[in-house]
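# Descriptive structure summary
Residues per chain are reported as follows:
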Amino acid sequence: MHRKFWLSERSRHLYIAIAIALLAGAISLLKPLDITAWAIQSRLSDRDASGTIALVEVGAYTDQNAAEENRHIASLIRKLRARGATRIFVNIPLRESNLPSVDEELSRVLSDNLDYVYVAGANLPEQQNATQDLRANALSFERLKGFDNDVSQDFLRFVWTIRAEGDGGRESLAFALSRSGQKRTEVFIDGTIDSTSIPRLNQGNFDLAIDRIDVPDTAFVIGVGQLGNELRVAKHGYVTNSVAHILGAETLLRGTGQRVAFYVLPLAIGLALLLGVWFARTPRIRRLVYAACVLAFVSVFVGTGLAGVQAHFADTLLLLTVYASLRGLVLYKQRHLYIDPITRLPNFSALRRDFYASEGQGNQGVVVVKILRLDSIFAHVSEGEKRAYLRQVSDRLCITGKDTKIYFDGGKYFAFMLDGAIDYESHLSGLRAIVSQPIIIASKSIDVAVTVGADFSSKGLPAHRLSSAIAAADHAREAFQPVFIVSDACHDDEWDHSLTARLAEALAEDRISIKVQPQVDLKTGKFVAAEVLARWQDQAGNEISPARFIPQFERMARLDELTGRILDKAMAALRSLQDTGCVLPLSVNVSAVQFVDDRIAEMVEKSLRDYAVDPSLLKIEVTETARIEDFETARQIVERLRSQGITFSLDDFGVGSANLEALQRLPFDEVKIDQLFIQQLAGSCKTRAIVEGVLHTTSRAGMTSVAEGIEDLETHTWLSSIGCDRGQGYFIAKPMVISQFRNLLELNRDVMSRPDYG
Ligand code: C2E
Ligand code: MG
Ligand code: MG
């Protein structure tokens, strides 16, 4: 795990979700949702009431019928007592009526049954509220046992809980009815209790109904039977105050109606999720943990509903929603923002993110593989073939390791991370060779030319290292340095910021020189030509390879200038050789990227003119032909120069930088087989077969063949035996300065002109 597990992104998302849920719970933000949840819970089951609490319904009091009601209440108490009732709760605001004799009668009944009758708000004559309109002065309450019938309602007038005591410290009707003796401050009304199963007695059914009741064990609540729209309980809608209290009492009798503090469920689910996130090793297990948490949540919902326990769900739901949204956002980003839509591979934004995340995990390097000439390839294939091509390239890159994640920038760069502990140089060279095999799509063979850039340095931000790897892939040159690696050990001039300035200086001070490397006719052994190679000795006297500084000139957009200088030097050399009468054609290297407009042609023509050199003495070796995008323009430029007698050579044939397409589309006079093949001739019969094939092709096409990089006699002998026209390499001669070359030619001429030669 790359980061401390409790600081992972998922953990952070959970902390946020838990904090938001607790905050919402603390300020009861989602009370309406909880109310809805409790209302749903009340529908989960239907339970009958215990039957030990009965409601005796009386009419509603008005000023006109107070005497009648008082008389009715007195008669009810008497009747209930006569049947043996011991607990009669008068939950009705007793009022003084206009008939004192009736009030006195009620007073008498009450005082005769002091042990059995409980009166709402008794002994609290000062208490005044809507449900207790006491006119106590006419009735003597002082000695009666009382109860509190107050309820608290929410904004929708729902009653959810009943407190154990009213504001005055008097026991509430629900608690008094249940005689539960439970040390609780309130009860949550169990919504599953069916209010219609509460035994009800009224004027019409009194005698019949009371027979069915075990009177001594029953508590009777004398209360208003008619609804006055005063309060609501879940499932039952509007009910009277007495029914609400009876439901509360029934809940207490069941032993339920407890409240779970608002923070318990969010904390429990939050903690379970956290543990899951911390310890789940695979996404599958994590998903199982998520499912288990959701299941637990639903179970708690159903369980508490059935048990008649009040829990808060909205906050937990909020927690789950916030967490799911945050994760969903990440997933969305991964799916859409971090994924290339064509290949479905993670893109470079994903790479940057992963690279940052992998910081501190050993020395991870980043490798960028650049596909060359992708635009011209894609100009001729269908969308499906493009996708297949890119997928095949990415599959090949997977050879690095089966767990390697390949990223694609949507353009021409692929990338992946690689452990810096391995021998990455040879690994990447091998990988490049594998990736460079042609790809077969719909029976078409499509070339793959790639350069590889990598950054294995230990310094720098991941984003900078990725840019440096991209730059390295850009700077890598198919022909002479296809894999370009930036590392701590490499204080490469390419990466030295002063290089540009030093190159500019070298041009200004004309410190770029040339060497020539002779070529021989492999049949006769005679020198027949020479290749001009650029050389730069910096002020410290170090010779810098053209493989290093030519790409830099290209980046500085001064490659034409350099070519102009080299051409002039080559022409000057030809001039001087012509003057000594010992002259051979010289080949000058020109990068294919310069064949995009007439400038190169004009430059060559001017140089030939300036030095008055015979154009047939100049050969142009075109390097990096794989980078040609507009063959038609390139062909026109080549034709223009060829018409003046200049010949053309295809350099580095066989490697990715020069391919059959270039050979077929441009009118070359000569093909130079890359030294990569020549140097492997001795050890590989496959390479020998390939070279034989190339030689056969060139001779059939009427072109001269040149083998470059001959380093030993064996190779030299084999090449001449197989019919290769010309050879170049250290075995024949190393690159040398012009004066040495002139001496060599003169010596050669003298030797050959001796009568005994041959
Ligand atoms: P190239 O045109 O393929 O040149 C041949 C390279 O192989 C030269 O390296 C040469 O010194 C080297 N070489 C010759 N014989 C042998 C051998 O027997 N064994 C080995 N191992 N190497 C041998 P150099 O001079 O470092 O040039 C590298 C490349 O730089 C050239 O490859 C060419 O692509 C480019 N280059 C050189 N001069 C110029 C120039 O004036 N303009 C342009 N555009 N490119 C140039
Ligand atoms: Mg060359
Ligand atoms: Mg070459």
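Numbering of residues starts from 1 in each chain and follows the order in which that chain's sequence is written. The lettering of chains begins at A and the numbering of ligands begins at 1, in the order of writing. Given that the model is predicted, a residue must reach a pLDDT of at least 70 before its local features are reported, and side-chain atom pairs must reach 80 or more before they are shown or counted; all residues, however, enter totals for whole chains, interfaces and linings. As a rule here, side-chain values come from all non-hydrogen atoms in the structure, and water together with hydrogens is ignored.

## Examining the pattern of salt bridges
Any Lys or Arg side-chain nitrogen located within 4 Å of an Asp or Glu carboxyl oxygen qualifies as a salt bridge. Tallied over the full model, the rule gives 37 salt bridges. Of the charged contacts, one joins D354 and R353 as a salt bridge, the two residues approaching to 3.0 Å between their closest N and O atoms. Burial here depends on accessible area, computed with a 1.4 Å probe over protein chains only, as a share of the maximum for the residue type. Under 20% is buried, over 50% is exposed, and the range in between is partly exposed. According to the relative accessible area criterion, R353 is partly exposed, its value standing at 28%. Across the pair D597 and R599 runs a salt bridge, and its minimum N-O distance is 3.3 Å. Under the relative-accessibility criterion, D597 is labelled partly exposed at 28%. The network of salt bridges with shared partners includes E531, E621, K672 and E708.

## Description of helix α10 (residues 314-337)
Put simply, DSSP marks the helices as runs of H or I at least four residues long and the strands as runs of E at least two long, and each gets a number from the N terminus on. Here the expected length of a helix is defined as 1.5 Å per residue gap, with one fewer gap than residues. The terminal C-alpha atoms of α10, which comprises 24 residues, lie 32 Å apart, in line with the 34 Å expected from a rise of 1.5 Å per residue. Taken together, the buried positions of α10 are A314, D315, T316, L319, L320, V322, Y323, R327 and V330. The criterion used for residue contact is that any of the two residues' heavy atoms lie within 4.5 Å. Along its buried surface, α10 packs onto α1 (9-26), α2 (31-42), α8 (264-279) and α9 (283-307).

## Points about the coordination of the magnesium ion (ligand 2)
Each metal's donors are the N, O and S atoms found within 2.8 Å of it, except that Na, K and Ca use a 3.2 Å limit; water is left out, so coordination can look incomplete. With distances of 2.0 to 2.2 Å, the protein atoms coordinating the magnesium ion (ligand 2) are E531 (OE), N589 (OD1), E621 (OE) and D651 (OD). Within one chain, the residues donating to the magnesium ion (ligand 2) are spaced in sequence as E-x57-N-x31-E-x29-D. A separation of 4.0 Å is found between the magnesium ion (ligand 2) and the magnesium ion (ligand 3), both of which receive a donor from D651. Of this pair, E621 sits in strand β22 (residues 618-623) while D651 is found in strand β23 (residues 647-653), placing the two residues 30 residues apart along the sequence. Residue D651 is classed as buried on the basis of its relative accessible area of 4%.

## Some thoughts on the UniProt feature "transmembrane region" (unreviewed entry) in the protein
UniProt positions are given in the numbering used here, feature names are shortened, and annotations may be inferred rather than shown by experiment. With numbering aligned to this structure, UniProt lists the feature "transmembrane region" (unreviewed entry) at residues 12-30, 260-281 and 288-307. Regarding residues 260-281, the helix share stands at 73% and the strand share at 0%, and the terminal C-alpha atoms are separated by 33 Å. What you have in residues 288-307 is 100% helix and 0% strand, and the ends, taken at the C-alpha atoms, are 27 Å apart.

## Overview of the packing of helix α3 (residues 66-82) against helix α4 (residues 100-112)
Every axis corresponds to a line fitted to the C-alpha atoms, with the helix fit spanning only the stretch in contact, and the corresponding angles, defined between N-to-C directions, vary from 0 to 180 degrees. As a packed pair, α3 and α4 sit with axes 9 Å apart at the nearest point and diverge in direction by 25°. Between α3 and α4, the interaxial angle falls into the category roughly parallel. Where α3 crosses over α4, the handedness of that crossing is left-handed. Contacts from A67, N70, R71, I73, A74, I77 and R78 in α3 reach V102, D103, E105, L106, V109 and L110 in α4. Each residue belonging to the contact of α3 with α4 can be placed in one class, and the counts come to eight nonpolar, one polar and four charged. Note on terminology: angles under 35 degrees are roughly parallel, angles over 145 are roughly antiparallel, angles of 65 to 115 are roughly perpendicular, and the others are oblique. Less than a right angle of anticlockwise turn of the near helix away from the far helix marks a crossing as left-handed, whereas a clockwise turn marks it as right-handed. Residue type decides the class: Asp, Glu, Lys and Arg count as charged, Ala, Val, Leu, Ile, Met, Phe, Trp, Tyr, Cys and Pro as nonpolar, and the leftover types, Gly among them, as polar.

## With respect to the sheet that holds strand β1 (residues 53-58)
Here a strand pair is declared whenever DSSP counts at least two bridges between the two strands. Strand order in the open sheet made by the six strands is β4-β3-β2-β8-β1-β7, with parallel pairing throughout. In this open sheet, the two strands that pair with only one neighbour each are β4 (145-147) and β7 (200-201). As paired strands, β1 and β7 are joined by two bridges and run parallel to one another. Note on β7: the bridge partner recorded for L55 is R200.

## Describing the domain arrangement of the protein
Note: domain ranges come from an automatic or database domain assignment. If you check the domain split of the protein, you get domain 1 (5-41 + 261-333), domain 2 (53-254), domain 3 (348-490) and domain 4 (510-753). Distance between the C-alpha centres of domain 3 and domain 4: 31 Å.

## Thoughts on the side chain of R87
Structurally, R87 is set in strand β2 (residues 87-91). One polar contact links the side chain of R87 to the main-chain carbonyl oxygen of A176, over a distance of 2.8 Å. Under this definition, polar contacts are N or O atom pairs within 3.5 Å; protein pairs additionally need one hydrogen-donor-capable and one acceptor-capable atom, and for neighbouring residues in sequence, both atoms have to be side-chain atoms. In this structure the side chain of R87 is engaged in a polar contact, spanning 2.9 Å, whose partner is the backbone oxygen of L177. Excluding anything up to four places from it in sequence, R87 contacts Y116, Y118, A176, L177, S178, R179, T218, A219 and F220.

## Quick notes on the site of ligand 1
Here, proximity means that at least one heavy atom of the residue falls within 4 Å of the molecule or strand. Near ligand 1 there are 25 residues, and of these E531, D651, Q675, E711 and Y730 occur at the shortest range. In the environment of ligand 1, a nitrogen atom lies 2.9 Å from a nitrogen or oxygen atom belonging to the side chain of Q517. The separation between an oxygen atom of ligand 1 and a polar main-chain atom of I710 is 3.5 Å. Surface exposure here means Shrake-Rupley accessible area, sampled with a 1.4 Å probe, where a residue is shielded only by the protein chains that are shown. If ligand 1 stood free it would expose 800 Å²; the protein chains cover 89% of that surface. Contributing elements (two or more residues each) for the shell around ligand 1: β19 (527-537), α17 (546-555), β21 (586-591), β22 and β23.

## Quick word on the nonpolar core
Counting residues in each nonpolar core, the largest one holds 74 residues, and the members touching the most others are F595 and I620. Excluding residues within four positions of it along the chain, I620 makes contact with V588, V590, F595, V604, L641, I646, T647, F648 and S649. Among the buried residues, those of types Ala, Val, Leu, Ile, Met, Phe, Trp, Tyr and Cys that are joined through side-chain atoms within 4.5 Å form a nonpolar core.

## Details of the coordination of the magnesium ion (ligand 3)
Protein-derived ligands of the magnesium ion (ligand 3) are D651 (OD), D652 (OD), E708 (OE) and E708 (OE), with the metal-ligand distances lying across 2.1 to 2.6 Å. For the magnesium ion (ligand 3), all donor residues lie on one chain, and their spacing in sequence is D-D-x55-E. Classification of E708 by relative accessible area gives buried; the value is 6%.

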